[in-house]
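An overview of the molecular structure
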Amino acid sequence: MSTYYIYTDGAYSRNRDLGGIAFLIIKEDKVIAEFNKTFSHTTNNRMELYAVIYALQSIKKADKIIVFSDSMYVIGCITLGWKRKKNIDLWNEFDSAFSKVDCPNIKFKHVKGHSTNIYNNRCDSLAVEATYSLRKIG
């Protein structure tokens, strides 16, 4: 049985006008993938959502996936029925990525940001690191 635990995070620096996303994929208590990417002219909420989209796109098949995010915007819209009023283009991309994952059991959970969770803290570091990139992508 393949269970993947995915931690995602997004960051945005207004001073640099750069955003960053990051995710970790954990399987059998081992980090099997780390990813981060830089974006320009964006927002923090877009980065949080993009991190989830990129993470879902990286998994093709699994028995179970649990996605952790410290963004109440993302978790609220996915699990609590919050209205998707902004970033409709990304929500459409999320729906597409979600539907393409061959997994019967995908759950989304909130994790407290900037706390003691080592995986969330690593994602935060990777996302912030991406906001310092000299390459402007996106």
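The following refers to the structure shown. (Residues numbered from 1 in each chain as written. Predicted model: local features only at pLDDT ≥ 70, side-chain atom pairs only at ≥ 80, totals over all residues. Heavy atoms only, no water.)

1. Describing the pattern of salt bridges
A complete count under the given rule lists 4 salt bridges for this structure. D89 serves as the salt-bridge partner of R46, at 2.9 Å between the closest nitrogen and oxygen. Taken together, the positions of R46 in helix α1 (residues 44-57) and D89 in helix α3 (residues 88-100) put the pair 43 residues apart, joining distant regions of the chain. The partly exposed category is assigned to D89, whose relative accessible area is 45%. With a shortest N-O distance of 2.9 Å, R84 and D95 are connected by a salt bridge. In this pair, R84 sits in the loop between α2 (72-79) and α3 while D95 sits in helix α3, placing the two residues 11 residues apart along the sequence. The exposure class assigned to R84 is partly exposed, which follows from its relative accessible area of 29%. Classification of D95 by relative accessible area gives partly exposed; the value is 34%. (Salt bridge = Lys/Arg side-chain N within 4 Å of Asp/Glu carboxyl O. Helix = DSSP H or I, 4+ residues; strand = E, 2+ residues; numbered from the N terminus. Buried < 20%, exposed > 50% of the residue type's maximum accessible area, 1.4 Å probe, protein only.)

2. Remarks on unusual backbone geometry
Phi is positive for D29, close to 60°, though the residue is something other than glycine. Inspection of the secondary structure puts D29 in the loop between β2 (18-27) and β3 (30-40). What makes D29 exposed here is its relative accessible area of 71%. The phi torsion at N87 lies on the positive side, around 60°, for a residue other than glycine. Tracing the backbone through its elements, the reader meets N87 in the loop between α2 and α3.

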